[in-house]
Amino acid sequence: MSGMGDGYVGTAQDAVRIRRLQKQREAERLKIQELKTKSASDQGQPGLLQFGSSTSEILETAFKKETVGLVTREQYVEKRVNIQTKFEEEEKEKLEKLRKEEEELQLQKRKKRKTKGGSKLSFADDFENGSDEEDGENKTSEPKNLMRGKFGKDPTVETGFLPDSEREAEEQAERERLRKQWLHEQELIQNEPLEITYSYWDGAGHRRVIHVRKGDAIGEFLRGVQQQLAPEFREIRTTSVENLLYVKEDLIIPHQHSFYELIVNKARGKSGPLFHFDVHEDVRTIADATIEKDESHAGKVVERHWYEKNKHIFPASRWEIYDPTRKWERYTIHGD
């Protein structure tokens, strides 16, 4: 095959590909040679700027190009000033362009961080809006800067568990109002009249009825009983209130306890409730041992000397001192 050596062995397609590669290499060699020649000629010209030249060298080179031939002194100075002014303007434009490119780059970086971060805080939107405004325009107004830096609140978030001085003050005022209202209501209850059926016991029963207030203590009740019984019983006239006992449902109630206390606490005795002061029996058509009896017996007023002499004899042998902490779950048989 023509153009190939005598020892070449190959097909026609191989020969075509080889010639194409040879042409490409030759074209590249010529291009490189042309660039080398142009570079050498450029380095030989004194008027062209070289890479890495200083500002003074650049100004001097440009001035030499503008002052070729004979010029007057005024033209010389004018050209010098014009070249320097033009150079400074070009430098300012370059710096401004670099500054704008840097700002755009920083803005793009911030936007990328926001997109990747995706803050989940409720005030994230307010913070991002503030950053965008700061990047868009540099405002010097102090109140607006403060508004941008302030985080907002999400009205949909439940904040009832957080401390709130105003809410706590309102709750405290409401509690105080309810406390005063409750005390007033309890005072009205304590001033309500109460009818008590009792029996003066000296071995036999002498039933009487007396009216007191619900807030009266047992000692005040016994004082009224003494005044009521004194005309009829000589031993009552000669004794003091401290020597009188009030026995209700087989329990001796100390003088300091009040009827209001027994009613509110729904106190119970051994043979019936201590908060009922009338007399009634449990009347039912069908006997049912699973349902507790609802009976109230007349309380007994006893002189202490008689009790000390007969406490070993029924019914005084059943009597005990009232203990508010002790609970009587089931009533026992009452002896009268």
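Residues numbered from 1 in each chain as written. Predicted model: local features only at pLDDT ≥ 70, side-chain atom pairs only at ≥ 80, totals over all residues. Heavy atoms only, no water.

This part takes up the overall build of the protein chain. Broken down by element type, the protein chain carries ten helices and six strands. In the protein chain, which comprises 336 residues, the share counted as buried stands at 24%. Pairs at least 24 residues apart make up 52% of the contacts formed inside the protein chain by residues separated by at least 6 positions. Approximately 25200 Å² of the protein chain is accessible, and the part contributed by carbon and sulfur atoms is 53%. (Helix = DSSP H or I, 4+ residues; strand = E, 2+ residues; numbered from the N terminus. Buried < 20%, exposed > 50% of the residue type's maximum accessible area, 1.4 Å probe, protein only. Contact = heavy atoms within 4.5 Å. Areas by Shrake-Rupley, 256 points an atom, 1.4 Å probe, with all protein chains shown as cover.)

Right, let's get into the confidence of the model for the protein chain. Chain-level statistics for the protein chain give a pLDDT mean of 76 and a share of 70% at 70 or above. Every residue in residues 46–52 scores below 50 in pLDDT, and together they form seven contacts with partners more than four places removed in sequence or on other chains. (pLDDT = per-residue confidence, 0-100.)

A word on the nonpolar core. Grouped together as the largest cluster of nonpolar side chains are 25 residues, with contacts concentrated most on Ile-196, Phe-221, Leu-222, Tyr-246 and Phe-259. Top contributing element to this core by residue count: helix 7 (residues 218–229), with five residues. Setting aside residues no more than four positions away along its own chain, Ile-196 makes contact with Arg-208, Val-209, Ile-210, Val-212, Phe-221, Tyr-246, Phe-259 and Phe-277. One finds Leu-245, Val-302, Ala-316 and Trp-319 within the second-largest nonpolar core, a separate group that totals nine residues. (Core = buried A, V, L, I, M, F, W, Y, C linked by side-chain atoms within 4.5 Å.)

Summed over all chains, the structure comprises seven aromatic pairs. Measuring from ring centre to ring centre gives 6.5 Å for Tyr-246 and Phe-259, while their planes differ by 70°; the resulting arrangement is edge-to-face. Of the two residues, Tyr-246 is situated in strand 3 (residues 244–248) and Phe-259 in helix 9 (residues 259–264); the sequence distance between them amounts to 13 residues. Just as Tyr-246 is buried, Phe-259 falls in that class too. Geometrically, the ring pair formed by Phe-259 and Phe-277 is edge-to-face, given 5.1 Å between the ring centres and 90° between the ring planes. Taken together, the residues span a long stretch of sequence, with Phe-259 in helix 9 and Phe-277 in the loop between helix 9 and strand 5 (299–303) at a distance of 18 residues. (Phe/Tyr/Trp six-rings, centres within 6.5 Å; stacked < 30°, edge-to-face > 60°.)

Here we come to the sheet that holds strand 1 (residues 193–201). In space, the six strands of this open sheet follow the order 2-1-5-3-4-6, with mixed pairing throughout. Every other strand in the sheet has two partners, leaving strand 2 (205–213) and strand 6 (320–321) as the edge strands with one partner each. As judged from the nine bridges shared by strand 1 and strand 2, these two strands associate in the antiparallel manner. Residue pairing for strand 2: Trp-201 is matched across the bridge by Gly-205. In the packing of helix 7 onto the sheet, the strands contacted are strand 1, strand 2, strand 3, strand 4 (251–253) and strand 5, and the crossing angle to strand 2 comes to about 125°. (Pairing = 2+ DSSP bridges. Axes fitted to C-alpha atoms, helices over the stretch in contact; angles between N-to-C directions.)

Bringing the pairing of strand 5 into the picture now. For strand 5, the tally of buried residues reaches five of five residues, placing the bulk of the element in the interior. Neither face of strand 5 is left uncovered, since the one carrying Gly-299, Val-301 and Glu-303 and the one carrying Lys-300 and Val-302 both have all their residues buried. Summarising the sheet, strand 1 and strand 5 pair through four bridges and their orientation is parallel. Its bridge partner lying in strand 5, Tyr-198 is registered against Gly-299. Bridge count for strand 3 against strand 5 is four bridges, and the pairing is antiparallel. Across the sheet, the residue bridging to Val-247 is Lys-300, located in strand 5.

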